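Summary of the model geometry
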Amino acid sequence: MRKSGDDMYQELTGKTALVTGAGGAIGTAICQFLASQGAQIAACDLSVDKLTSFCETLPTRSYALSMNVADEKSVAKGVSNIREHLGSIDILVNCAGILSNNKLLQTSAEEWRQIHAVNLDGPFYLSQQVLPAMKETGWGRIINIISYAWKSGGNTSGTAYSSSKGGLVGLTFTIAKEAAEYGVTVNGIAPAYVMSPMVTEQLTEAERQQQLAAIPVKRFSQPEEVAHAVRFLASPLSAFITGEVIDMNGGFQFD
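We now turn to the structure provided with this report. None of these values were measured; they are calculated from a predicted model.

How each quantity is defined
- Residues numbered from 1 in each chain as written.
- Predicted model: local features only at pLDDT ≥ 70, side-chain atom pairs only at ≥ 80, totals over all residues.
- Heavy atoms only, no water.
- Helix = DSSP H or I, 4+ residues; strand = E, 2+ residues; numbered from the N terminus.
- Buried < 20%, exposed > 50% of the residue type's maximum accessible area, 1.4 Å probe, protein only.
- Polar contact = N/O pair within 3.5 Å; in protein donor to acceptor, adjacent residues only side chain to side chain.
- Contact = heavy atoms within 4.5 Å.
- Pairing = 2+ DSSP bridges.
- Right-handed = clockwise from strand over helix to strand, strands pointing away.
- Salt bridge = Lys/Arg side-chain N within 4 Å of Asp/Glu carboxyl O.
- Phe/Tyr/Trp six-rings, centres within 6.5 Å; stacked < 30°, edge-to-face > 60°.
- Lys NZ or Arg CZ within 6 Å of the ring centre and 35° of its normal.
- Axes fitted to C-alpha atoms, helices over the stretch in contact; angles between N-to-C directions.
- Core = buried A, V, L, I, M, F, W, Y, C linked by side-chain atoms within 4.5 Å.

Some points on the side chain of Asn144
Positionally, Asn144 belongs in strand S5 (residues 140-145). Looking at Asn144, the relative accessible area reads 1%, which means it is buried. For Asn144, the side chain forms a polar contact with the side chain of Thr172, separated by 2.8 Å. The residues touching Asn144, leaving out its near neighbours within four places in the chain, are Asn94, Pro123, Leu168, Thr172, Val186, Asn187, Gly188 and Ile189.

Concerning the pairing of strand S3 (residues 62-66)
Where strand S2 (residues 40-45) meets S3, five bridges bridge the pair, whose relative direction is parallel. Directly across from Ala42, in S3, lies its bridge partner Tyr63. This β-α-β element, S2 to helix H3 (residues 49-55) to S3, shows right-handed connectivity.

Section: the pairing of S2
Most of S2 sits inside the fold, with five of its six residues counted as buried. Sheet topology places strand S1 (residues 16-20) next to S2; five bridges connect them, and they run parallel. Its bridge partner lying in S2, Ala17 is registered against Ile41. In this fold, S1 hands off to helix H2 (residues 25-36), which returns the chain to S2; that crossover is right-handed.

Overview of the pattern of salt bridges
Following the criterion strictly, the structure yields three salt bridges and no others. A salt bridge links Glu225 to Arg219; the nearest nitrogen and oxygen atoms lie 2.7 Å apart. Residue Glu225 is classed as partly exposed on the basis of its relative accessible area, which comes to 28%. For Arg219, a relative accessible area of 40% corresponds to the partly exposed category.

Here's the deal with the packing of aromatic side chains
Under the defined criterion, the tally for this structure stands at two aromatic pairs. Taking 6.0 Å as the distance between ring centres and 45° as the angle between the ring planes, the aromatic pair formed by Tyr193 and Phe220 counts as tilted. Of the two residues, Tyr193 sits in the loop between strand S6 (184-191) and helix H8 (197-200) while Phe220 sits in the loop between helix H9 (205-214) and helix H10 (223-234), which places them 27 residues apart along the sequence. Given the relative accessible area of 14%, Tyr193 is considered buried. The buried category is assigned to Phe220, whose relative accessible area is 7%. Sitting over the face of the ring of Trp139, Lys15 holds its NZ or CZ atom 4.1 Å from the ring centroid. Between Lys135 and the ring centre of Tyr182, over which it is positioned, the NZ or CZ distance is 4.6 Å.

Brief notes about the sheet that holds S2
With parallel pairing, the seven strands of this open sheet are ordered in space as S3-S2-S1-S4-S5-S6-S7. Two strands in the sheet have a free side with no partner beyond their single neighbour: S3 and strand S7 (245-248). For this sheet, the mean angle separating the axes of adjacent strands, direction not counted, is 15°. By the bridge criterion, four bridges tie strand S4 (residues 91-94) to S5 in an arrangement that is parallel. What sits directly across from Leu92, in S5, is Ile142. H2 rests against S1, S2, S4 and S5 of the sheet, and its axis sits at about 175° to S1. Sitting on the sheet, helix H4 (residues 72-86) touches S1, S2 and S3, and the angle it makes with S3 is about 160°.

Topic: the nonpolar core
Of all hydrophobic cores here, the largest spans 34 residues; its most connected members are Ile30, Leu34, Ile41, Val93 and Ile189. Of all the secondary-structure elements, those providing two or more residues to this core are S1, H2, S2, H3, S4, S5 and H10. Per element, the largest residue contribution to this core is seven residues, and it comes from H2. In terms of nonpolar packing, the next biggest core, distinct from the first, is built from 32 residues, Cys44, Leu126, Val130 and Val245 among them.

Structural notes on unusual backbone geometry
Positive phi is not limited to glycine here, since Tyr193 has a value of about 55°. With phi around 60°, Lys218 is a residue other than glycine that occupies positive phi space. Inspection of the secondary structure puts Lys218 in the loop between H9 and H10. Exposure remark for Lys218: the relative accessible area of 53% places this residue in the exposed category.

This is the structure in structure tokens:
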């Protein structure tokens, strides 16, 4: 049955989306795009100072909470609070992440563990928390924000970051295989150089210009472009797509 215009823009009405890293440029855009489809939003980050007022601007019921994704107990408590305030969690977007540009010989063991704790352990803990209920209800979406670094080895990013994102691809694939028969899809999005603090603050001007020259489309991605891809994968009409990683690299690499 063909949907009306209003229906098409409310595809996620009645669903709740948990978005980690919601205080960042990409996370904020994801919350806005999913709310525009009718989803309730649980916006999670380490600090909720700005998130609380941000949630008040969203068109759907929303809840801001502090969560340390690297801590299993914090994740369990946060998920419990979300269910108490918003009900079931139907969509999980693992967007929280930290970057290091240090290569192998400059990477300390402490930095290695910290990067992997946030970028890989966090999505693992969260997926463990939400998947059982998704399987029980027969519907769910897990969307992991990965990075082009997983396949490039890191043009400017460091060893720990690239490794953690490669691990997140493996996690995406294995959960997708486990969850597929239950109506739960698990996919990833791998952007390269999104206009966010990771680019504007952690790359020098010379590094930015070097990468711009190497990108065939001659520009960096915008957070809204990543959010649009998340909205696509969250849609009920994307139910036949699982275990995929969408490249968003402006032509850096063709597959």
